[in-house]
Amino acid sequence: MPAYHWINVGVEAEVGHRRNPFTHIVSTFNEDDFIMVKLDIDTPWLETALSEQLLNKTLGNLIDQFYFEKHVHLDELSEFWADSMEGSVLDAMMFFYELRRVGVPAHFRV
C-alpha cells in the first residue's frame, strides 16, 4: 500500500494484524518520516485499543502528531454520543498526559 491510501474496510486492533493501521506504520516508516494520525472511527472500544498501542515506544516514537476524539461523558455532546460515551474528561486528560509522557505529541479533540 502507498503511504497515503484510502482503505474502505474495517480496521483491527490486534497488534500485528494487517488491517491494524499501526502495523503498516511500524513496518514501513522510520523516525525520519513525518507521521500524523487522526483517529476517529466512532467505535470507542476500537479507538481505545488502537490508541493504547501508542504507549509502546517502538510505535510511539514514530508518531509526530496524534489527534484523537475520545468519546467521554460530556453533557454538550450527549445528544450525539449517547451510547458511545465512556469515561470522564479527567480520564481522557490522564490518558493524553501518559501519551505525552512517553513522547507522543497527543491532542484531545471534541
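The shown structure was predicted, so the numbers you read here are calculated from the model rather than taken from an experiment. (Residues numbered from 1 in each chain as written. Predicted model: local features only at pLDDT ≥ 70, side-chain atom pairs only at ≥ 80, totals over all residues. Heavy atoms only, no water.)

Asks: What should I look at first to understand the sheet that holds strand β1 (residues 36-39) in this one?
Replies: Backbone-to-backbone hydrogen bonds pair the strands of a sheet. The strands run either parallel or antiparallel. Taken in spatial order, the 3 strands of this open sheet run β1-β2-β3, and their pairing is parallel. Since the sheet does not close on itself, it has two edges, and those belong to β1 and β3 (106-108), each with one partner. Across the sheet, the mean angle separating the axes of adjacent strands is 15 degrees when strand polarity is ignored. Of the strand pairs in this sheet, β1 and strand β2 (residues 65-68) are connected by 4 bridges, and their pairing is parallel. For Val 37, the partnering residue across the bridge sits in β2 and is Phe 66. (Pairing = 2+ DSSP bridges. Helix = DSSP H or I, 4+ residues; strand = E, 2+ residues; numbered from the N terminus. Axes fitted to C-alpha atoms, helices over the stretch in contact; angles between N-to-C directions.)

Asks: Explanation requested: helix α2 (residues 44-52) in the structure shown.
Replies: Helical geometry note: an α-helix holds 3.6 residues per turn, so side chains three or four residues apart project in the same direction. Where α2 is concerned, the buried positions are Pro 44, Leu 46, Glu 47, Thr 48, Leu 50 and Ser 51. Of the surrounding secondary structure, the elements contacted by the buried residues of α2 are α1 (21-28), β1, β2 and α5 (89-101). (Buried < 20%, exposed > 50% of the residue type's maximum accessible area, 1.4 Å probe, protein only. Contact = heavy atoms within 4.5 Å.)

Asks: Help me understand the pattern of salt bridges, please; the structure alone is not making it clear to me.
Replies: For side chains bearing opposite charge, pairing can occur when the charged atoms are close. Applying the stated criterion across every chain yields a total of 3 salt bridges. For the salt bridge of Lys 38 with Asp 40, the shortest nitrogen-to-oxygen distance reads 3.8 Å. The partner of Glu 98 in a salt bridge is Arg 101, and the shortest N-O contact between them spans 2.5 Å. With Glu 98 and Arg 101 both in helix α5 and 3 residues apart, this pair spans about one turn of that helix. Overall, Arg 101 belongs to the exposed group, its relative accessible area being 52%. (Salt bridge = Lys/Arg side-chain N within 4 Å of Asp/Glu carboxyl O.)

Asks: It is not clear to me how the packing of aromatic side chains should be interpreted in this structure. Could you clarify?
Replies: Aromatic ring pairs are defined here through the distance separating the ring centres and the angle between the ring planes. Summed over the entire model, instances satisfying the criterion amount to 3 aromatic pairs. With centroids separated by 5.8 Å and ring planes inclined at 35 degrees, the aromatic side chains of Phe 66 and Phe 68 adopt a geometry described as tilted. Across the pair, exposure class does not vary: Phe 66 and Phe 68 are buried alike. Of the aromatic side chains, those joined through ring pairs into one cluster are Phe 66, Phe 68, Phe 95 and Phe 96. (Phe/Tyr/Trp six-rings, centres within 6.5 Å; stacked < 30°, edge-to-face > 60°.)

Asks: Would you take a moment to explain the nonpolar core for this structure?
Replies: Nonpolar side chains tend toward joint burial in soluble globular proteins. Membership of the largest hydrophobic core comes to 20 residues, with the highest contact counts inside it found for Ile 25, Leu 54, Ile 63, Phe 66 and Val 104. Listing elements by their share of this core, those giving two or more residues are α1, β1, α2, β2 and α5. No other element matches the 3 residues that α5 contributes to this core. When sequence neighbours within four positions are dropped, the list of residues in contact with Ile 25 reads Ile 35, Val 37, Leu 59, Leu 62 and Ile 63. (Core = buried A, V, L, I, M, F, W, Y, C linked by side-chain atoms within 4.5 Å.)

Asks: Would you mind showing me how to read the confidence of the model for the protein chain here?
Replies: Note: predicted coordinates in regions of low pLDDT should not be interpreted at a detailed level. Scored by pLDDT, the protein chain comes out at a mean of 83, with 82% of its residues at no less than 70. Within the protein chain, no element has a lower average pLDDT than helix α4 (residues 78-81), which sits at 62, and none a higher one than β2, at 92. (pLDDT = per-residue confidence, 0-100.)

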